[in-house]
Amino acid sequence: MDSRVSERDKMLAGAPYDPGDAALVALRRKAQGLMRAYNQTIDGEATRAVLLRDLLGTWNETTIRAPFHVDYGAHIHFAPGCFVNFNCVILDVCEVRIGARTQIGPNVQILTADHPRDPALRAQGQEWGRPISIGADVWIGGGAIILPGVTIGVGAIIGAGAVVTRDVPAGATVVGNPARMLPKTDGQG
């Protein structure tokens, strides 16, 4: 990549980047301060709204139960009507887009960050990421883990504890580790 390209631009593009870059460290510190304030504020919806507007790329009045943890926050975009339960972790080294009315259970991890498989490269501190896209009306069960680069289609269901390593089609239900698609049912659940 062009040497004039910032480490943040490299990061968002999914290219190897230096996480120790001063500008990225400053962005993470800002996010940590906003998260700490949000996670300690149990009353005062107006105060909590200001904190989330400052923390997230797009908030859209999503209900987020504390504690809530992010890398940067600025790369997370919620469409209207979403709900995020306790102890959600979103590592947003790349963009995370979450569709309208999506429900996220407790202890869910949404992870765009990735690292080299080669230990010598890991030792050099290299990392990169791939964006995650979650469609509208998705339900993500407690403890699920969404890995880098995954796209989840509209209306999909991610079972509790699932580890999602591949794209999930619209309307599909996936469960397990690694997540596998369940056969379609009549919708009577």
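Everything quoted here is computed from the prediction, not taken from an experiment.

The rules behind each value
Residues numbered from 1 in each chain as written. Predicted model: local features only at pLDDT ≥ 70, side-chain atom pairs only at ≥ 80, totals over all residues. Heavy atoms only, no water. Phe/Tyr/Trp six-rings, centres within 6.5 Å; stacked < 30°, edge-to-face > 60°. Lys NZ or Arg CZ within 6 Å of the ring centre and 35° of its normal. Pairing = 2+ DSSP bridges. Helix = DSSP H or I, 4+ residues; strand = E, 2+ residues; numbered from the N terminus. Buried < 20%, exposed > 50% of the residue type's maximum accessible area, 1.4 Å probe, protein only. Arc of directions from axis to C-beta. Contact = heavy atoms within 4.5 Å.

Details of the packing of aromatic side chains
In step 1: On inspection of all chains with the given rule, the structure shows 0 aromatic pairs.
In step 2: The ring of Y38 carries the charged tip of R48 above its face, separated from the ring centre by 4.1 Å.

Looking at the sheet that holds strand β6 (residues 96-98)
In step 1: Strand order in the open sheet formed by 4 strands is β3-β6-β11-β14, and the pairing between neighbours is parallel. Edge strands, defined here as strands with exactly one partner in the open sheet, are β3 (76-78) and β14 (151-152).

Side note on helix α3 (residues 45-55)
In step 1: Along α3, the residues classified as buried are R48, A49, L51, L52 and L55. Angularly, the buried residues of α3 cover 165° about the axis, an arc narrow enough to put them on a single face.
In step 2: Summarising the contacts, the buried residues of α3 are in contact with α2 (22-40), β1 (63-64) and β2 (68-70).

Topic: the sheet that holds strand β18 (residues 180-181)
In step 1: A sheet is described by the order of its strands in space; here 7 strands give the open sequence β1-β4-β7-β12-β15-β17-β18, paired in mixed fashion. Two strands bound the open sheet, and with one partner strand each, they are β1 and β18.
In step 2: Two elements, β1 and strand β4 (residues 83-84), share 2 bridges in a ladder whose sense is parallel. Residue pairing across strands places T63 opposite F83, the latter belonging to β4.

Thoughts on the pairing of strand β5 (residues 88-91)
In step 1: Every second residue of β5 is oriented toward a common face, the buried set being C88 and I90 and the non-buried set V89 and L91.
In step 2: In this sheet, β5 lies alongside β2 in parallel orientation, the contact comprising 3 bridges. Bridge pairing in β5 links V70 to I90.
In step 3: Judged from the 3 bridges that link them, β5 and strand β8 (residues 109-111) form a sheet pairing that is parallel.

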